[in-house]
Amino acid sequence: MGANASAMPGEPNGLMRPKLEDIPESCMALVLSYLDPPEIAKLARINRAFRAAASADFIWVPKFPSNYNFILSKLPDQGLITMDKKDIYARLCRPNSFDGGTKEFWIDKTTGGTYLSISSKAMAITGIDDRRYWNHIQTYESRWVFETSARLFGFSHVYAQICQKMNIFLLFKENLHLSEDFLHNCFTFLGVQIFKLRRLYLD
Amino acid sequence: MSSSTELTEKKVFLLKSLDGVIFEVEESVAVQLEVIRELIEGDCARPFISLYNVTSEILALVIEYCKHHAETCSGGTSATIADEDLKTFDNEFMNVDENILLELCSAADYLDIKSLFELTCRTLASLIKDRTIIEVRKMFNVENDFSVVEEKAVRKEFAWAFK
């Protein structure tokens, strides 16, 4: 009984050298949680224990954008919510279209930064939101493949891609005045506050 | 023998490592080991506490860590200076061989020292980062125990990360 251990003088060398797999899964998972998603995915291939650790929900939750519940609620596929967090992450790394296919959302797999790509068809422009003034021309550049010109005002090129965390960039050529509601919606989606937007927008 | 109650006055506790070495630690240090704090509270800490999972080499390091943290926190210095100091100490402290680091990690887990556990895990993470799978297996002496089918499945499961 109690006789088991204490007096054992013996072999301190070679005795009890822990290997990584002797370490409890919670520890492995915590180690993984400090890494970025592609690293975690890579390490899942080490062995079974790592694979199990890499599937723990608590690792993935902090990698999501802060407003991810809102984002999930927007996406058409509501089955997502019940999936494992790691699978949700994988899903969000692919472009997910919503709002009748006029917008796409995805996250950067390494940083978790959010991206929103908006078709010109989803844009609303202050003052000239009359579709008769819009002309859609395909270009090589983006998946949306639209160059929009609002003929009346001579806007030659509208293209918006917005991302958060890494950078926020808006490419609105020629001072296009997109309606505030529209921008507000986009930025709520990205979890960016509107005051940031205004400054960027006006610059 | 066992009623060496003089020790109680100084509030010193004895910790015995796996290989039989006894360490004397003050209460402020001992209570940082959550496991031991519970034993102390339950009045089960006499005459000494046997730690069957920790060698003397590692226990010495653990005690050094807890001592430094206990002293810095109670030293009356301002929080920011103490923070800085601890950060420097932690960095230095983590400058050890990988095997030691692993042992520290499992000891911190066993002894339930949250800050040390997180510190070692974070350090392990930074060591693993940017290494190939084969390197990591070698580094930690673990084997690939996947069957061919499982290996395929994992690759598929995480394929999104490599596109």
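Rules used throughout
Residues numbered from 1 in each chain as written. Chains lettered and ligands numbered in written order. Predicted model: local features only at pLDDT ≥ 70, side-chain atom pairs only at ≥ 80, totals over all residues. Heavy atoms only, no water. Helix = DSSP H or I, 4+ residues; strand = E, 2+ residues; numbered from the N terminus. Rg over C-alpha atoms; globule rule 2.2 N^0.38 Å. Buried < 20%, exposed > 50% of the residue type's maximum accessible area, 1.4 Å probe, protein only. Areas by Shrake-Rupley, 256 points an atom, 1.4 Å probe, with all protein chains shown as cover. Salt bridge = Lys/Arg side-chain N within 4 Å of Asp/Glu carboxyl O. Domains from an automatic or database assignment. Buried area = accessible area lost by both parts, 1.4 Å probe. Polar contact = N/O pair within 3.5 Å; in protein donor to acceptor, adjacent residues only side chain to side chain. UniProt positions renumbered as here; feature names shortened; annotations may be inferred. Contact = heavy atoms within 4.5 Å. Nonpolar A, V, L, I, M, F, W, Y, C, P; charged D, E, K, R; others polar. Pairing = 2+ DSSP bridges. Phe/Tyr/Trp six-rings, centres within 6.5 Å; stacked < 30°, edge-to-face > 60°.

### As for the overall build of chain B
So, point 1. Regarding its fold elements, chain B presents nine helices and three strands.
So, point 2. Of the regular secondary structure in chain B, the N- to C-terminal order runs α-β-β-α-α-β-α-α-α-α-α-α.
So, point 3. The C-alpha radius of gyration computed for chain B amounts to 20 Å, which surpasses the reference 15 Å derived for 163 residues by more than 25%, pointing to a less compact arrangement than a globule.
So, point 4. In terms of its C-alpha atoms, chain B occupies a principal-axis envelope of roughly 65 × 40 × 25 Å.

### Regarding the overall build of chain A
So, point 1. A count of helical and extended segments in chain A gives eight helices and six strands.
So, point 2. Starting at the N terminus and ending at the C terminus, chain A contains elements arranged as α-α-α-α-α-α-β-β-β-β-β-β-α-α.
So, point 3. Out of the 203 residues in chain A, the part that is buried amounts to 48%.
So, point 4. A total of about 10,500 Å² of accessible surface is found on chain A, and carbon and sulfur atoms cover 53% of it.

### Topic: the pattern of salt bridges
So, point 1. Here the structure, examined in full by the defined rule, presents ten salt bridges over all chains.
So, point 2. For the salt bridge of A:D87 with A:K86, the shortest nitrogen-to-oxygen distance reads 3.2 Å.
So, point 3. The residue B:E34 makes a salt bridge to B:R37 at a minimum N-O spacing of 2.4 Å. Within this pair, B:E34 and its partner B:R37 are both found in helix 3 (residues 34-41), separated by three residues, close to a single helical turn.
So, point 4. Since its relative accessible area comes to 23%, B:E34 is described here as partly exposed.
So, point 5. Each of A:R51, A:K86, A:D87 and B:E157 takes part in one network of salt bridges that share partners.

### A word on the domain arrangement of chain A
Residue and element names in this part refer to chain A.
So, point 1. On domain assignment, one finds that chain A holds domain 1 (20-61) and domain 2 (66-202).
So, point 2. Buried area between domain 1 and domain 2, summed over both chains or domains, comes out near 650 Å², and the portion from carbon and sulfur atoms is 72%.
So, point 3. Of all residues in domain 1, P37, D57 and W60 bury the most surface against domain 2, accounting for 56% of the area lost on that side.
So, point 4. Connecting domain 1 to domain 2 are zero salt bridges.
So, point 5. Connecting domain 1 to domain 2 are one residue pair in polar contact (both at pLDDT 80 or more).

### Examining the UniProt feature "domain: SKP1 component POZ" (unreviewed entry) in chain B
So, point 1. When the UniProt feature table is mapped onto this chain numbering, "domain: SKP1 component POZ" (unreviewed entry) sits at residues 12-70 of chain B.
So, point 2. Secondary structure content for residues 12-70 of chain B is 46% helix and 20% strand, and the end C-alpha separation is 14 Å.

### With respect to the interface of chain B and chain A
So, point 1. Taken residue by residue, the interface counts 45 residues in chain B and 38 residues in chain A.
So, point 2. Between chain B and chain A the total buried area reaches about 4,000 Å² when both faces are included, carbon and sulfur atoms providing 65% of it.
So, point 3. Counting the contacts that link chain B with chain A gives three salt bridges.
So, point 4. With its nearest N and O atoms 2.8 Å apart, the salt bridge here joins A:R51 to B:E157.
So, point 5. Summed over the shared surface of chain B and chain A, the result is nine residue pairs in polar contact (both at pLDDT 80 or more).
So, point 6. Contributions of two or more residues to the side of chain B that touches chain A are made by helix 6 (98-111), helix 7 (114-128), helix 8 (133-140) and helix 9 (148-157) of chain B.
So, point 7. A per-element tally of the side of chain B that touches chain A places helix 7 of chain B first, with seven residues.
So, point 8. For the side of chain B that touches chain A, the per-class residue count stands at 20 nonpolar, eight polar and 17 charged.

### Some details on the pairing of strand 2 (residues 22-26) of chain B
The two faces of the sheet receive side chains in turn, since in a regular strand these alternate between them.
Residue and element names in this part refer to chain B.
So, point 1. Side-chain alternation along strand 2 places F23 and V25 on a buried face and I22, E24 and E26 on a face that remains uncovered.
So, point 2. Here five bridges tie strand 1 (residues 12-16) to strand 2, and the two strands are oriented antiparallel to one another. The residue bridging L15 from the neighbouring strand is F23, located in strand 2.

### Topic: the packing of aromatic side chains
So, point 1. Counted according to the given criterion, the structure contains eight aromatic pairs over all chains.
So, point 2. Ring centres 5.6 Å apart and planes at 55 degrees place the aromatic pair A:Y89 and B:W160 in the tilted group. Linking A:Y89 in helix 6 (residues 85-93) with B:W160 in the segment after helix 9, this pair reaches from one chain into another.
So, point 3. Given a relative accessible area of 0%, A:Y89 falls into the buried group.
So, point 4. Seen in terms of ring centroids, B:Y65 and B:F89 are 6.3 Å apart; in terms of plane orientation they differ by 40 degrees. Their pairing is tilted. Placement of the pair is B:Y65 in helix 4 (residues 56-74) and B:F89 in helix 5 (residues 79-93), with a sequence separation of 24 residues. Summarising the burial analysis for this pair, B:Y65 and B:F89 share the class buried.
So, point 5. Grouped by ring-pair contacts, the aromatic residues A:W60, A:F64, A:Y68, A:Y89 and B:W160 constitute a single cluster.

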